[in-house]
Amino acid sequence: MDLITGTYDCKVDAKGRLMMPASIKKQLSEIIEEGFVLRRSVFQQCLELYPMAEWQALMRKMNKLNKFKKKNNDFIRRFTAGAKMVEVDVNGRLLIPKDLTVFANISKNIVVASAINIIEIWDKDLYEQAIDDAAVDFADLAEEVMGQDDEDYGIS
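The name given to the protein in an unreviewed UniProt entry is Transcriptional regulator MraZ, with Pseudotamlana haliotis as the source organism. Here is the UniProt Subunit (unreviewed entry) comment for the protein, exactly as written: "Forms oligomers." Quoted verbatim from the Sequence similarities (unreviewed entry) field of the UniProt record, the comment on the protein reads "Belongs to the MraZ family."

Here is the structure:
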């Protein structure tokens with residue numbers, strides 16, 4: 001599993017359980033038993049669901065930071081704050097811990113969106129707002145990020 005694709009409207013039940021979309025479960029079928037890490041997003045008011053192998057690779061990179069530098073310790077602490085190990089149960093549901101539900105303002109209607117190698121979980125209204133806000137300058141952003149001629153900065 002390298003890439004995850006799809007955006008899905010879903011619902012969370014009264015206990016905070018999300019029924020994972022069938023397409024996402026199928027894409028994750030080879031690794032679903034390994035579990036996941038769910039954490040707060042750095043840049044948005046949403047949650048990020050990392051397959052365990054992706055999380056461990058990221059933690060190995062972060063472990064190379066010099067922990068005798070305060071800013072590195074502060075970053076590690078804040079990045080991992082609230083991170084929880086979670087599993088998809090036998091019925092295909094993922095329990096979203098209460099503190100993360102509060103952080104992401106998740107009520108009933110949510111969006112599960114792929115973000116290359118992780119999954120974002122959004123309150124539906126916040127997701128729509130983020131997409132609408134980004135639409136204004138998306139063409140400029142796309143050109144800046146993806147349109148570079150240099151191999152190191154773009155893919156064109």
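Moving on from the model shown.
This part covers the overall build of the protein. Helices and strands together make up the secondary structure of the protein, namely six helices and eight strands. For the protein, the N- to C-terminal ordering of α and β elements is β-β-α-β-β-α-α-β-β-α-β-β-α-α. Counting every position in the protein, which comprises 156 residues, the buried fraction comes to 35%. The long-range fraction of contacts in the protein, counting pairs at least 24 apart against all pairs at least 6 apart in sequence, stands at 56%. Accessible surface, the protein: about 10300 Å² in total, of which carbon and sulfur atoms supply 53%.

Looking now at the nonpolar core. Core analysis: the largest hydrophobic core is formed by 24 residues, its most contacted members being Leu18, Met20, Ile96, Ile119 and Ile121. Residue assignment for this core shows that the elements contributing at least two residues are strand 3 (36–40), strand 4 (47–51), strand 7 (109–115) and strand 8 (118–123). Counting eight residues, the second largest nonpolar core, distinct from the first, contains Tyr50, Met52, Trp55 and Phe79.

Right, let's get into the sheet that holds strand 3. Reading across from one edge, 1-7-8-4-3-5 is the order of the six strands in this open sheet, with antiparallel pairing throughout. The open sheet terminates on both sides in strands that have one partner only, identified here as strand 1 (7–11) and strand 5 (84–86). Across this sheet, the average inter-strand angle for adjacent strands is 30°, counted without regard to direction. Pairing between strand 4 and strand 8: three bridges, direction antiparallel.

Okay, the pattern of salt bridges next. This model, assessed by the stated rule, comprises eight salt bridges. Between Asp9 and Lys124 there is a salt bridge whose closest N-O contact spans 3.3 Å. Taken together, the residues Asp9 in strand 1 and Lys124 in helix 5 (residues 124–135) connect sequence positions 115 residues apart. With a closest N to O distance of 3.1 Å, Arg77 and Asp74 form a salt bridge. With a gap of three residues between them, Arg77 and Asp74 both fall in helix 3 (residues 70–80), about one helical turn apart. For Arg77, a relative accessible area of 52% corresponds to the exposed category. Each of Asp9, Lys124 and Glu128 takes part in a single network of salt bridges with overlapping partners.

Bringing helix 2 (residues 52–62) into the picture now. Three or more residues of helix 2 are buried, namely Met52, Trp55 and Met62. Here the buried residues of helix 2 occupy an arc of 85° about the axis, which is enough to place them on one side. Residues of helix 2 that are exposed and angled more than 90 degrees away from the buried face: Arg60 and Lys61. Here the buried face of helix 2 lies against strand 3, strand 4, helix 3 and strand 5.

Rules and cut-offs
- Residues numbered from 1 in each chain as written.
- Predicted model: local features only at pLDDT ≥ 70, side-chain atom pairs only at ≥ 80, totals over all residues.
- Heavy atoms only, no water.
- UniProt positions renumbered as here; feature names shortened; annotations may be inferred.
- Helix = DSSP H or I, 4+ residues; strand = E, 2+ residues; numbered from the N terminus.
- Buried < 20%, exposed > 50% of the residue type's maximum accessible area, 1.4 Å probe, protein only.
- Contact = heavy atoms within 4.5 Å.
- Areas by Shrake-Rupley, 256 points an atom, 1.4 Å probe, with all protein chains shown as cover.
- Core = buried A, V, L, I, M, F, W, Y, C linked by side-chain atoms within 4.5 Å.
- Pairing = 2+ DSSP bridges.
- Axes fitted to C-alpha atoms, helices over the stretch in contact; angles between N-to-C directions.
- Salt bridge = Lys/Arg side-chain N within 4 Å of Asp/Glu carboxyl O.
- Arc of directions from axis to C-beta.

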